[in-house]
Amino acid sequence: MPAFPEAARTALADEQLQANLRTATTTIRAKREAVVAERADWEHLRAAGAAIKDRTLRHLDRYLLRFEEQATAAGAVVHWARDAAEANRIVVDLVRAADADEVIKVKSMVTQEIDLNAALAAAGITAYETDLAELIVQLGDDLPSHILVPAIHRNRSQIRDIFRREMPDAPDDLTDDPAALAAAARRHLRRKFLTARVAVSGANFAVAESGALVVVESEGNGRMCLTLPEVLISVVGIEKLVPTWADLEVMLQLLPRSSTGERMNPYTSTWRGVHPGDGPREVHVVLLDNGRTDVLADDVGRQALRCIRCSACLNVCPVYERTGGHAYGSPYPGPIGAILTPQLRGMRDDPVAASLPYASTLCGACYEACPVRIDIPAALVHLRARAVDATRGPLSPERTVMRAAAWTLAGPRRLAAAQRLAALAGALLGRRGRIGRLPGPLAAWTRTRDTPVPPGQSFRTWWRRNRRGTAE
């Protein structure tokens, strides 16, 4: 993917994308606002959610070991993965050990983060997405563009065309009616649910005191994946922990209201280890770091690890609503992706990650919507400074300009000379009081905006000519 500015220009030229995004985000926002307004204690819930996540992150080492102890006691096998390559290797080895050549998946952003499907394909293993939106993305050879609704950039007619083209058992007379599309997907996936021996899941939360994992979803596909196969492999970011069931109760009040605009999710599944005669015979949990401990070390940036993946920040963001998720070049789009991706990937050698802290107007709508009070604007400003520092050399343009400005502003005569030069330049470059194009390194400023022509005289000059010596 190109850096955000270039990708955004491409997205802004797609009128159908604009219409799809506008319709979807407006609908989700309205539903969320209605259910949030029902709770007089909403701000208290937000504060509680933030406090729970901060407490967990402060003592993450202790809670991770507690989770491992409890999950192991219940019959699960816990694996530790330092990075994407190690996590993928663990999952591939487990699928091979089960003598399987295909897996079914319940929607998991962390497996998108590590590109698990590609790793499985390289090992000769086929992954089948079972979430409806993820299935649409997979059949369309596409990428997710939203945390909650990965196919938000597609409308019903486009989905019908994808199903007709890529789904072998789709009816010839399939329409774009949502019920008909869902029924076609259900028939397509039924055989996979009943025959697959291995399933791969993520988790919305992991409860340290019991070793339990939690997935919330709206379609029931998650519960099929979690209960029918013989082997269940859950890949979980280490930040997904909450200490207790009581803490989970707070999160399950915040998440559905902020994501789907519901009081509770239709399906909330919890599982813990192995139960003879009921569910999978093997349960594996892969705890993934992949840069998260580096994020934890940043006093400002670490609040990104509070995120519960609700997507509320995407649905209120004026930038996301116009560019969509693909422009962010990451499985984590929108405002939360703009602060999480640069920290997970690093910005020094990744132009896409380095561009994301600038993919915002800093309007603050994301902070107001976030159910765990992540101050995304403050984190963006912090990461912009880090992005500049990552590319700054001894002769960097920014440092040269700032030093020149400091020298100029330190002396009244130098400032007066600079003002006269600016007025002269404005007279040469301006048209009707505006400058539409600046030369050289200043061109980036006028590429998307005009700048006013500097005044013909400074205030100092005006005062000297008109008011000098006048009594107050």
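Residues numbered from 1 in each chain as written. Predicted model: local features only at pLDDT ≥ 70, side-chain atom pairs only at ≥ 80, totals over all residues. Heavy atoms only, no water.

J.: Residues and numbers for the packing of aromatic side chains, please.
T.: Counting across every chain of the model gives five aromatic pairs. Their ring planes at 25° and their centres at 6.0 Å tell us that Phe459 and Trp462 sit as a pair that is stacked. In this pair, Phe459 and Trp462 are both assigned in helix α23 (residues 459–466), three residues apart and thus about one turn of the helix distant. Plain terms: the ring middles of Phe459 and Trp463 are 5.9 Å apart, the flat faces sit at 40° to each other, and that makes the pair tilted. A residue pair is termed a helical-turn pair when its members lie 3 or 4 positions apart in one helix, as Phe459 and Trp463 do in helix α23 at four residues. Accessibility expressed as a relative area gives 38% for Trp463, which makes it partly exposed. In textbook terms, an aromatic cluster arises when at least three aromatic residues are bridged by ring pairs, as seen for Phe4, Tyr320 and Tyr328. Taking the ring centre of Tyr63 as reference, the NZ or CZ of Arg62 above it sits at 5.1 Å. Above the face of the Tyr128 ring, Lys192 is positioned so that its terminal group lies 4.0 Å from the ring centre. (Phe/Tyr/Trp six-rings, centres within 6.5 Å; stacked < 30°, edge-to-face > 60°. Helix = DSSP H or I, 4+ residues; strand = E, 2+ residues; numbered from the N terminus. Buried < 20%, exposed > 50% of the residue type's maximum accessible area, 1.4 Å probe, protein only. Lys NZ or Arg CZ within 6 Å of the ring centre and 35° of its normal.)

J.: How would you sum up the pairing of strand β10 (residues 282–288)? Please name residues and give values.
T.: The buried count for β10 comes to six of seven residues, which makes it a mostly enclosed element. Two elements, strand β1 (residues 77–81) and β10, share five bridges in a ladder whose sense is parallel. Bridge assignment links Ala81 to a residue of β10, and that residue is Leu288. With seven bridges joining them, strand β7 (residues 231–237) and β10 adopt parallel strand pairing. In the strand pairing of β10, Val231 is matched with Glu282. (Pairing = 2+ DSSP bridges.)

J.: Any details on the state of the cysteines? Residues and values, ideally.
T.: Within the structure shown, the criterion is met by zero disulfides. Free of any disulfide, Cys310 has its nearest neighbouring cysteine sulfur in Cys370, separated by 6.2 Å. A relative accessible area of 8% places Cys310 in the buried class. (Disulfide = S-S within 2.5 Å.)

J.: Outline the sheet that holds β1, supporting the account with residue identities and numerical values.
T.: Strands sit in the order β1-β10-β7-β4-β2-β3 across an open sheet of six strands; the sheet is parallel. Looking at strand neighbours, the two that pair on one side only are β1 and β3 (126–129), the edges of this open sheet. Taking each pair of neighbouring strands and ignoring which way they run, the sheet shows an average axis angle of 25°. Bridge count between strand β4 (residues 198–201) and β7: four bridges; the pairing is parallel. In the strand pairing of β7, Val200 is matched with Ile233. (Axes fitted to C-alpha atoms, helices over the stretch in contact; angles between N-to-C directions.)

J.: Describe in detail helix α9 (residues 156–166), supporting the description with residues and values.
T.: For α9, the full list of buried residues reads Ile159, Arg160, Ile162 and Phe163. All buried residues of α9 lie within an arc of 160° about the axis, which places them on one face of the element. Tucked into the core, α9 has its buried residues touching α8 (132–139) and α10 (178–195). Where α9 begins, the capping side chain belongs to Asn155, and its oxygen is found 3.2 Å from the backbone nitrogen of Ser157. (Arc of directions from axis to C-beta. Contact = heavy atoms within 4.5 Å. Polar contact = N/O pair within 3.5 Å; in protein donor to acceptor, adjacent residues only side chain to side chain.)

J.: An account of the packing of helix α3 (residues 42–58) against helix α12 (residues 245–259) is needed here, citing residue identities and associated values.
T.: One can describe the packing of α3 onto α12 by two numbers: an axis separation of 10 Å at closest approach and a directional angle of 120°. It follows that α3 is oblique to α12 by the angle criterion. Note on packing geometry: the crossing formed by α3 with α12 is left-handed. Between α3 and α12, the residues in contact are Trp42, Leu45, Arg46, Ala48, Gly49, Ile52, Lys53 and Arg55 and Asp247, Val250, Met251, Gln253, Leu254, Arg257 and Ser258, respectively. Looking at side-chain class alone, the contact of α3 with α12 contains seven nonpolar, three polar and five charged residues. (Parallel < 35°, antiparallel > 145°, perpendicular 65-115°, else oblique. Left-handed = near helix turned anticlockwise from the far one by under 90°. Nonpolar A, V, L, I, M, F, W, Y, C, P; charged D, E, K, R; others polar.)

Function-wise, these values are silent; they only describe arrangement.
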